[in-house]
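Each chain is listed here by its residues.
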Amino acid sequence: MSRRDTLYSARDGEPGSFRFDEQVVDVFPDMIDRSVPGYSLIVPMIGQLARRYVQPGSVVHDLGSSLGAVTLSIRRALRDRHDLRDVRLVATDSSAAMVGRFRQLLAGLDAAEQAAARQDAAGQGAAGQSGADAPAPAGMPVDVVHGDIRDTDFGNASLAVLNFTLQFLDLDDRDRLLTRIADGLLPGGALVLAEKVRFEDAPTQERQTEWHHDYKRLQGYSDLEIARKRNALEAVLKSETEQRHQQRLREAGFRRCTRWFQCFAFTAWLAEK
Ligand SMILES: C[S@@+](CC[C@H](N)C(=O)[O-])C[C@H]1O[C@@H](n2cnc3c(N)ncnc32)[C@H](O)[C@@H]1O
């Protein structure tokens, strides 16, 4: 269970100071859930999409994996897919604090799963059940990589996910990363991209910002916390328009891009190779 995020009731929100450090890691699930409208729907939907795009023997990348919500959602969604047993899940993040915590979480989950499977097997053995009813094996193995997604090798990938990560990269690095992902993906592979977008038209941008702040107020954040976090993210989270994202995806080599989610500025697309 994640601690409640009250970070910016104490931190002053120095412009540009936001980092994915230990203190953020401590509250991250609560922070992202109460800050990103739709996050709790987007994560399981990525699992659902994975069922359609992940291919046998391929690699799936969760890029900027934080505490592995997307990785775990994909692993859960593919659990009954015996044809995908040899798929490799790779979760990469540049924050040492995130990677350390995700590895701990994963070890705990895997240990609990193995214990449950052993118990099932013992129960079935005692009841004399056949192999057809054998317990489901533990979820796919996950490589948790501490590294920069700009250095990731995308060869043999069938699915890559950038769930609110691209927005933290320098603008200059984004075209190259998406081109490398498109080049590395297998035919029929896909990229899931979710981002906070900005709106070209000033009144729309203003309205969407107000609605987002209303969401955060309803989630229990004070006006001071909202203002401080916004300052802290200044020039750290660099949002672009939906048009710019679509153009970049096309230029990178994706043949089709479909928006499948939007709530206020929070938008998700599926780009197919
Ligand atoms: C908003 S979080 C992503 C949330 C996560 N994908 C999820 O669905 O829960 C952004 C993450 O991207 C990571 N990140 C930012 N730039 C990165 C880079 N260049 N390489 C790897 N990870 C990066 C951050 O450390 C942070 O954990």
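Refer to the structure presented above.
All values reported here derive from a predicted model rather than from experimental measurement.

Re the sheet that holds strand S5 (residues 185-196)
Then step 1. The seven strands are arranged S3-S2-S1-S4-S5-S7-S6 in an open sheet whose pairing can be described as mixed. Looking at strand neighbours, the two that pair on one side only are strand S3 (142-146) and strand S6 (256-263), the edges of this open sheet. Direction aside, neighbouring strands of the sheet carry axes that sit 15° apart on average.
Then step 2. Where helix H6 (residues 171-184) meets the sheet, it contacts strand S4 (157-163) and S5, and its direction lies at approximately 150° from that of S5.

Section: the nonpolar core
Then step 1. Counting residues in hydrophobic clusters, the biggest one holds 59 residues, and the most contacted among them are Val60, Leu159, Ala160, Leu191, Val192 and Leu193.
Then step 2. Excluding residues that lie within four positions of it along the chain, Val192 makes contacts with Ile46, Leu49, Val161, Asn163, Ala268 and Leu270.

Observations regarding the site of the ligand
Then step 1. Taken together, the neighbourhood of the ligand is formed by 20 residues, with Phe20, Gly64, Ser94, Ser95 and Asn163 sitting nearest.
Then step 2. Along the lines of polarity and charge, the residues of the shell around the ligand split into nine nonpolar, eight polar and three charged.

Describing the pairing of strand S7 (residues 266-272)
Then step 1. Of all seven residues that make up S7, six are buried, and the element is covered over most of its length.
Then step 2. Bridge count for S5 against S7 is seven bridges, and the pairing is antiparallel. By the bridge assignment for S7, Ala190 is matched with Glu272.
Then step 3. Both S6 and S7 contribute to a ladder of seven bridges, which runs antiparallel. Residue pairing in the sheet places Cys263 in a bridge with Phe266 of S7.
Then step 4. The loop that links S6 with its antiparallel partner S7 comprises two residues; one of these, Phe264, has a positive phi angle of about 55°.

How each quantity is defined
- Residues numbered from 1 in each chain as written.
- Predicted model: local features only at pLDDT ≥ 70, side-chain atom pairs only at ≥ 80, totals over all residues.
- Pairing = 2+ DSSP bridges.
- Helix = DSSP H or I, 4+ residues; strand = E, 2+ residues; numbered from the N terminus.
- Axes fitted to C-alpha atoms, helices over the stretch in contact; angles between N-to-C directions.
- Contact = placed C-beta atoms within 7 Å.
- Core = buried A, V, L, I, M, F, W, Y, C linked by C-beta atoms within 7 Å.
- Buried ≥ 20, exposed ≤ 12 C-beta atoms within 10 Å, placed from the backbone.
- Near = placed C-beta within 6 Å.
- Nonpolar A, V, L, I, M, F, W, Y, C, P; charged D, E, K, R; others polar.

Everything listed is a geometric property; what it means functionally is a separate question.
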